[in-house]
Amino acid sequence: MVKQFFLEEIAKVQIGHLIVNDQCFTREGTPFITKATLLKLLVDDDASQVPKIDHTVDSLNLSLVPAKSILLNKLNLKETIIYQCKKAVCIGHDIIAIIPNESIVVSDYLFHFFKWYQINKERRHILRLIIELPPLDIQHRAAQLLNAIQHLLMNKDSLVTAVEKLPQYFDNVSKQVNQHSKNLHHSFEQLQYLYADMLHKVYNGDFLNDSFQRLSN
């Protein structure tokens, strides 16, 4: 039930080509992603702060890509930034977009596959990549689990900050808060290891084997 695919069989690879000047930017419009803004999104994941352009302007030959596209800044998967956009964006000349065919591959599943490959594999040109895909329902299940872990990791700073601010609302809790803060930092370190471990289980086949075993029982 597992099939092998080249990336180009399951996703469209679109390379940006647009270079714009300051006159192209608008207050309201489509986020415009370059290498610099991709680095910013990787840190704060806030597309509302990214420069925007009017994608309806006829004179601009834009590379518009849909939500859930996976953005890279290099064709070498080992060295690239990997980001999944939450909404439709335009990409600049230094960005590559991977647009999954979701009738074959779940976008989130492909995103986490890229993360796993980047951690565990050798350098590989994105167009020569081979991926083994289980059925869509198993892809969905694996992606939901990995998304849940990733969501906690992405919100680490805000959660720790919220705990550290507790003393301003309650008296005599500083020692407890300090201890809770240390525990939180340790828990997030363990969660990062858990994410890497789950990537390994999902993409090395252990998760798939467990799923098939449960279905057969």
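Look above for the structure.
Residues numbered from 1 in each chain as written. Predicted model: local features only at pLDDT ≥ 70, side-chain atom pairs only at ≥ 80, totals over all residues. Heavy atoms only, no water.

This part is about the sheet that holds strand β6 (residues 64–65). Pairing is mixed across the open sheet formed by 5 strands, whose spatial order is β3-β5-β4-β9-β6. Edge strands, defined here as strands with exactly one partner in the open sheet, are β3 (25–26) and β6. Relative to strand β9 (residues 89–91), β6 runs antiparallel, the two sharing 2 bridges. Residue pairing for β9: Val65 is matched across the bridge by Val89. (Pairing = 2+ DSSP bridges. Helix = DSSP H or I, 4+ residues; strand = E, 2+ residues; numbered from the N terminus.)

Quick look at the packing of aromatic side chains now. One pass over the structure, following the stated rule, counts 8 aromatic pairs. Judged by centre distance (6.3 Å) and plane angle (50°), the ring pair of Phe25 and Phe32 falls under tilted. Judged by relative accessible area, Phe32 falls into the buried class, the value being 5%. An angle of 50° between the planes, with centres 6.2 Å apart, marks the rings of Phe113 and Phe114 as tilted. Each member of the pair, Phe113 as well as Phe114, is classed as buried. (Phe/Tyr/Trp six-rings, centres within 6.5 Å; stacked < 30°, edge-to-face > 60°. Buried < 20%, exposed > 50% of the residue type's maximum accessible area, 1.4 Å probe, protein only.)

Looking now at the pattern of salt bridges. Per the stated rule, a full pass over the model turns up 7 salt bridges. Between Lys86 and Asp45 there is a salt bridge, and its shortest N-O distance comes to 3.2 Å. Placement of Lys86 in the loop between β8 (82–84) and β9 and of Asp45 in the loop between α2 (35–44) and β5 (52–53) is noted, with a sequence separation of 41 residues between them. Across the salt bridge formed by Lys201 and Asp197, the nearest N and O atoms sit 3.6 Å from each other. With Lys201 and Asp197 both in helix α6 (residues 174–203) and 4 residues apart, the pair spans about one turn of that helix. The exposure class of Lys201 is partly exposed, given its relative accessible area of 35%. (Salt bridge = Lys/Arg side-chain N within 4 Å of Asp/Glu carboxyl O.)

In terms of nonpolar packing, the biggest core is built from 32 residues, with Leu7, Ile10, Ile98, Leu110, Phe113 and Phe114 touching the most fellow members. Elements that contribute at least two residues to this core include exactly α1 (7–10), β7 (70–72), β10 (96–100), α3 (107–120), β11 (130–133), α4 (136–154) and α6. A total of 7 residues in this core trace back to one element, the largest contributor, which is α3. Setting aside residues no more than four positions away along its own chain, Ile98 makes contact with Leu7, Ala11, Lys12, Val13, Ser69, Ile70, Leu72, Leu110, Phe114 and Ile126. In terms of nonpolar packing, the next biggest core, distinct from the first, is built from 15 residues, Leu38, Val50, Cys85 and Ile99 among them. (Core = buried A, V, L, I, M, F, W, Y, C linked by side-chain atoms within 4.5 Å. Contact = heavy atoms within 4.5 Å.)

Of note, Asp45 is a non-glycine position whose phi angle comes to about 50°, a positive value. Taking the relative accessible area as the measure of exposure, Asp45 reaches 26% and is therefore partly exposed. You will see that Lys68, though not glycine, has its phi angle at about 80°, which is positive. With respect to the secondary-structure elements, Lys68 resides in the loop between β6 and β7.

Bringing the sheet that holds β8 into the picture now. One open sheet accounts for 4 strands, arranged β2-β10-β7-β8; its pairing is antiparallel. Every interior strand has two partners, whereas the edge strands, β2 (11–15) and β8, have only one. Between one strand axis and the next, the sheet turns through 25° on average, direction left out of account. Here β7 runs beside β10; their pairing, made up of 3 bridges, is antiparallel. Each bridged residue has a counterpart across the sheet, and for Leu71 the counterpart in β10 is Ala97. (Axes fitted to C-alpha atoms, helices over the stretch in contact; angles between N-to-C directions.)

Right, let's get into the side chain of Asp108. Note on placement: Asp108 falls in helix α3. Within the structure, the side chain of Asp108 is placed 2.7 Å from the side chain of Lys68, a separation counted as a polar contact. With residues near it in sequence (within four places) discarded, Asp108 still touches Lys68, Gln84, Ala143 and Asn147. (Polar contact = N/O pair within 3.5 Å; in protein donor to acceptor, adjacent residues only side chain to side chain.)

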